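What follows is each chain in one-letter form.
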Amino acid sequence: MTPEKVILSITIDTECDHSPSWARSNPLTFHSITQGIGSYLQPVFNQASAIPTYLLTVEVMENPACVATLQAIDGIHELGTHLHAAFIQPEKKYADYAGVECSEFQCFYPPDIERQKLQRLTQLFVEQFGYQPRSFRAGRFGAGNNTFRSLEALGYTVDCSVTPHLLWKEPRGQVDYRHALEQPYYPHDQNFLTQGEKRPLLEVPVSMKKRYMRGPQWFRPWFSSVSQMQKVVNYHLKHYAHQPLIVLNMMFHSMEVIPQASPYPQNQKEVHQFLDDLSDILHGCRQQGIEFCKACDIPRLYQKYNG
Ligand SMILES: [Zn+2]
C-alpha cells in the first residue's frame, strides 16, 4: 500500500539569541528574529513553497521589535507558542533573562502552576497577535500529562513536544520518549505517550529515525546532513506506508541561523551550510510529492484520512 498523502510541517523554537554554550545572550539580543526570519529563513521557505510554524517564547513576545517583525512576515507561516517555564509567572525565576541558563521541564511544576504559566503565555500571544495560538512545544521537550490537559483547555490543537527514542533529564526528573509513537496520535489522558480516545489535541512528534548504537537521527538541519534527513523521510515513508496519511515534522531553533547564537553554526559559512541543507531537503521533499502545511492544519487532515 502507499499513503494517499504525505505532509511536512516545520516547527521552529523561536527564542532570544543564546551563547555557544546555550545560555541566553548577555546583553539579551534577538537577531534570530529581527534578522534571521526575514533575511534567511522565510526566503528559504518561500522559495521551496514550504510553510514554517514559528513557536514563540515569552521573551520574544515581550519584545516590541520581535512582535513587529513577526507581524510583518512576508510569506505563508503559522505562529504558535513555546514555553520555558522559569521565565513566566507564577513562580517566575528571572526578571532579567540575559545570561541565564535554565534547563527546567514545565511538567515538574505542580499542575496548577504549569496551567497558569501556559495560560499567561497564551494570553501574551493573544494580546500581541489578536488571535488564539493553536500549536505548542514544551521547552526542552519537557511535557507531561498535565501539559496536554492544560493545552486542550486553552484551545490548542497541536503539541509537538514528543521526540521519539530520546530520554531527557533535569535535576527534578526525566521525560522518557524512548518508546514514544513516531506518527501523530491522540494522547491518552492518563499516559500521553500512548494512543487514547479521539480528542481536540493531536500530538505531532518530531520526526526521528532510530539508530541502534547511537542516538536517533533527527529530521533537523545541522544535526543531520541532507542525505541523513532524506533517510529519516524514507524510513517514515516505508515504515508507515500502510497509513493513508504520513506526517513529517522537522524541528530546529531560530537561533541556529545566527553565528554563535546557539551551539550550532558558529560562523557565516556554517550558517550558509545550514540554509543550503534546509533548502535542499525541502526542495527534495517537494519533488517527492510531499506537501507542506502549518502544524495547525495537521489535525484536520489527520481526521480526514483516519476517520
Ligand atoms: Zn526552547
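Structure shown above.
The rules we used
- Residues numbered from 1 in each chain as written.
- Predicted model: local features only at pLDDT ≥ 70, side-chain atom pairs only at ≥ 80, totals over all residues.
- Helix = DSSP H or I, 4+ residues; strand = E, 2+ residues; numbered from the N terminus.
- Rg over C-alpha atoms; globule rule 2.2 N^0.38 Å.
- Buried ≥ 20, exposed ≤ 12 C-beta atoms within 10 Å, placed from the backbone.
- Contact = placed C-beta atoms within 7 Å.
- Axes fitted to C-alpha atoms, helices over the stretch in contact; angles between N-to-C directions.
- Parallel < 35°, antiparallel > 145°, perpendicular 65-115°, else oblique.
- Left-handed = near helix turned anticlockwise from the far one by under 90°.
- Nonpolar A, V, L, I, M, F, W, Y, C, P; charged D, E, K, R; others polar.
- Expected span 1.5 Å × (residues − 1).
- Arc of directions from axis to C-beta.
- Pairing = 2+ DSSP bridges.
- Core = buried A, V, L, I, M, F, W, Y, C linked by C-beta atoms within 7 Å.

K.L.:
Help me out: how do you make sense of the overall build of the protein chain in this one?
P.N.:
For the protein chain, the count of helices and strands is eight helices and 12 strands. Here the C-alpha radius of gyration of the protein chain, 18 Å, is about what a compact globule of 307 residues would show, namely 19 Å. The principal-axis extents of the C-alpha atoms in the protein chain amount to approximately 55 × 45 × 40 Å. Looking at the protein chain as a whole, 46% of its 307 residues qualify as buried. Long-range contacts, defined here as pairs at least 24 residues apart, represent 71% of the contacts in the protein chain between residues at least 6 apart.

K.L.:
I'm lost on the environment of Met-255 in this one. Help?
P.N.:
For Met-255, the position within the fold is in the loop between strand E11 (245–253) and helix H7 (268–287). Taking the C-alpha atoms as reference, Met-255 lies 19 Å from Gln-71; in sequence the two are 184 residues apart. Look past the residues within four positions of Met-255 in its chain and what remains in contact with it is Glu-15, Asp-17, His-18, Ser-32, Ala-261 and Ser-262.

K.L.:
Got a minute to help me understand unusual backbone geometry in this structure?
P.N.:
For residues other than glycine, phi is negative in most cases, and the peptide bonds are mostly trans. Of note, the amide linkage connecting Asn-26 to Pro-27 takes the cis form, showing an omega dihedral of 0 degrees. The residue Pro-27 is located in the loop between strand E1 (5–14) and helix H1 (31–48) in this model. Here Gln-89 and Pro-90 are connected by a cis peptide whose omega angle stands at -10 degrees. Structurally, the position occupied by Pro-90 is in the loop between strand E3 (78–83) and helix H4 (111–129). Even without glycine at this site, Trp-22 takes up a positive phi of about 75 degrees. Of the residues examined, Trp-22 has 13 C-beta atoms within 10 Å and is grouped as partly exposed. Although it is not a glycine, His-165 adopts a positive phi angle of roughly 75 degrees. Among the structural elements, His-165 can be located in the loop between strand E5 (158–159) and strand E6 (167–170).

K.L.:
What is the right way to read the packing of H1 against H7 from this model?
P.N.:
Between H1 and H7, the shortest axis-to-axis distance is 9 Å and the interhelical angle comes to 20 degrees. With respect to their mutual orientation, H1 and H7 come out roughly parallel. The way H1 lies across H7 gives a crossing that is right-handed. Residues Tyr-40, Val-44, Gln-47 and Ala-48 of H1 form the contact with H7, whose own contacting residues are Leu-275, Leu-278, Ser-279, Leu-282, His-283 and Arg-286. Split into classes, the residues belonging to the contact of H1 with H7 amount to six nonpolar, three polar and one charged.

K.L.:
Before we go on, may I ask you to explain H7 in this structure?
P.N.:
Side chains that are three or four residues apart share a direction in an α-helix, a result of its 3.6 residues per turn. Relative to the 28 Å expected for 20 residues at 1.5 Å per residue, H7 spans 28 Å between its end C-alpha atoms, a close match to the ideal helical length. Among the residues of H7, those classed as buried are Val-271, Leu-278, Ile-281, Leu-282 and Cys-285. Buried residues of H7, seen end-on, are gathered within an arc of 100 degrees and therefore sit on one face of the element. Pointing more than 90 degrees away from the buried face of H7 are the exposed residues Gln-268, Lys-269 and Gln-287. Here the buried face of H7 lies against E1, H1 and helix H6 (226–239).

K.L.:
Mind showing me how you'd approach the pairing of strand E7 (residues 173–176) here?
P.N.:
Every regular strand shows the same layout, with side chains that alternate between the two sheet faces. Pairing analysis gives four bridges linking E6 to E7, with the strands arranged antiparallel. Across the sheet, Leu-167 pairs through a bridge with Asp-176, a residue of E7. Joining the antiparallel neighbours E6 and E7 is a turn of two residues.

K.L.:
What should I look at first to understand the nonpolar core in this one?
P.N.:
Grouped together as the largest cluster of nonpolar side chains are 80 residues, with contacts concentrated most on Val-158, Phe-219 and Ile-298. Take this core: its biggest share by element is six residues, from E11. Setting aside residues no more than four positions away along its own chain, Phe-219 makes contact with Val-206, Ser-207, Met-208, Met-229, Val-232, Leu-248 and Met-250.

K.L.:
Help me understand the packing of H4 against helix H5 (residues 145–153), please; the structure alone is not making it clear to me.
P.N.:
When two helices pack together, their arrangement is given by the angle between the helix axes and by the axis-to-axis distance. Where H4 meets H5, the axes come as close as 9 Å, and the angle between the chain directions of the two elements is 40 degrees. One way to sum up the angle between H4 and H5 is to call them oblique. Remark: the crossing between H4 and H5 carries right-handed chirality. For the pair H4 and H5, contact is made by Pro-111, Glu-114, Arg-115 and Leu-118 and by Asn-146, Thr-147, Ser-150 and Leu-151, respectively.

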